[in-house]
Amino acid sequence: MFERYLAALQYPRVGHLNIDDPKDYRGFVLWLEDQKIRFLPIEEREQLRKVNSPDEWNPAFEKYKKAIKLPEHLKTKQEQTTWLLLFAIRLEYADNVEHYKSITGAQKLDEEAKKSSVPEVQSVNPFDSFDFTSAEFEEGSWKLAERLGIAYHPDHLMSLQAAAKVISTAYNKEALKEQIVTGQPFPVEQGSGMGLAKDEDLEQCARILRLLQIQNLRKLQTTINETIVTVQNVTADPRTDTSLGKVGMK
């Protein structure tokens, strides 16, 4: 019953939303806030992300409805869902007025007719069927990051990118061949400061960034040295063709 609204908002599971399924509904509300409404700051959406914990999510949702001023006379889930969808559509329109104000109903119908006449290409890539905004995918992304020792980030896609970088650099075949580095952690607090002593956290971050920059420069210098050696090996190995030589003067 909400297909048109969901399609307008480009919800990834149009036709599959079941508001009578508590977990499905919680994931839908989280998607709506994360992607369209964005009323709360990211860090304040933490309780809404706990879609697997109804005891924590339900009070958070009640608080959320009051915050966005959802009318109290709307009691049923269908009424509240309709209001949330229309609220999100109104915000979407307000953010893209110039894009939408020139579109007429006739143009939209014509576009839909053209789409229906174009052959649909079936993708064989299994990732194309993933719902990257689902609560299960978000939870899995955070669990993977936690397993790899990556600090929590409120955006699960950023956590996934960090996990991909760690896996590609630390768990590839070449990296696994190297011996595990052992020893004491580098004393970041030692050495000359960065002039940010008034803010200890900022000073610590600046020191770490300086070390990372030094590491990058060392890698660059190593690459330059390897290139010079390769060039020297090519240019310092002359081949003499003795058949072209002459003895004496003519």
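See above for the structure.
Just so we're clear, the structure is a prediction, and the values are computed from it rather than from any experiment. (Residues numbered from 1 in each chain as written. Predicted model: local features only at pLDDT ≥ 70, side-chain atom pairs only at ≥ 80, totals over all residues. Heavy atoms only, no water.)

Visitor: Would you take a moment to explain the packing of helix 2 (residues 22–37) against helix 3 (residues 54–67) for this structure?
Guide: How two helices sit against one another is set out by the angle between their axes and by the gap between those axes. The interhelical angle for the contact between helix 2 and helix 3, taken along N-to-C directions, is 45 degrees, at an axis separation of 11 Å. The pairing of helix 2 with helix 3 is recorded here as oblique in orientation. Every pair of crossing elements has a handedness; the one defined by helix 2 and helix 3 is left-handed. For the pair helix 2 and helix 3, the contacting residues are Y25, R26, V29, E33 and I37 in the first and P54, W57, F61 and Y64 in the second. Across the contact of helix 2 with helix 3, the residue classes tally to seven nonpolar, no polar and two charged. (Axes fitted to C-alpha atoms, helices over the stretch in contact; angles between N-to-C directions. Helix = DSSP H or I, 4+ residues; strand = E, 2+ residues; numbered from the N terminus. Parallel < 35°, antiparallel > 145°, perpendicular 65-115°, else oblique. Left-handed = near helix turned anticlockwise from the far one by under 90°. Contact = heavy atoms within 4.5 Å. Nonpolar A, V, L, I, M, F, W, Y, C, P; charged D, E, K, R; others polar.)

Visitor: Sorry if this is basic, but what is going on with the nonpolar core here?
Guide: Soluble globular proteins: nonpolar side chains tend toward being buried together. Residues F28, L32 and L84 are the most contacted members of the largest nonpolar core, which totals 29 residues. For this core, the secondary-structure elements that each account for two or more residues are helix 2, helix 3 and helix 4 (77–95). Ranked by the residues each element gives to this core, the list is headed by helix 2, at seven residues. Setting aside anything within four residues of it in sequence, one finds L32 in contact with L9, I37, R38, L84, L85 and A88. (Core = buried A, V, L, I, M, F, W, Y, C linked by side-chain atoms within 4.5 Å. Buried < 20%, exposed > 50% of the residue type's maximum accessible area, 1.4 Å probe, protein only.)

Visitor: How do you make sense of unusual backbone geometry when you look at a structure like this?
Guide: Leaving glycine aside, a negative phi is the common case for residues, and trans is the common case for peptide bonds. One non-glycine residue, Q10, lies in the positive phi region at around 60 degrees. Within the element layout of this structure, Q10 appears in the loop between helix 1 (3–8) and helix 2. The phi dihedral of R38 is positive, around 50 degrees, even though this residue is not glycine. Its place among the elements puts R38 in the loop between helix 2 and helix 3.

Visitor: Can you walk me through the packing of aromatic side chains in this structure?
Guide: What describes a pair of aromatic rings is the distance from one ring centre to the other and the angle between the planes of the rings. A full pass over the atoms with the stated rule returns six aromatic pairs. Ring centres of Y25 and F61 lie 6.2 Å apart, and the angle between their planes is 80 degrees; on these two criteria the pair is classed as edge-to-face. Residue Y25 is located in helix 2, and its partner F61 is located in helix 3; the two are separated by 36 residues in the primary sequence. Accessibility assignment for this pair places Y25 and F61 in one class, buried. Both rings, one in W83 and one in F87, keep their centres 5.0 Å apart while their planes meet at 20 degrees; by these two values the pair is stacked. Of this pair, W83 and F87 both sit in helix 4, four residues apart, which is roughly one turn of the helix. (Phe/Tyr/Trp six-rings, centres within 6.5 Å; stacked < 30°, edge-to-face > 60°.)

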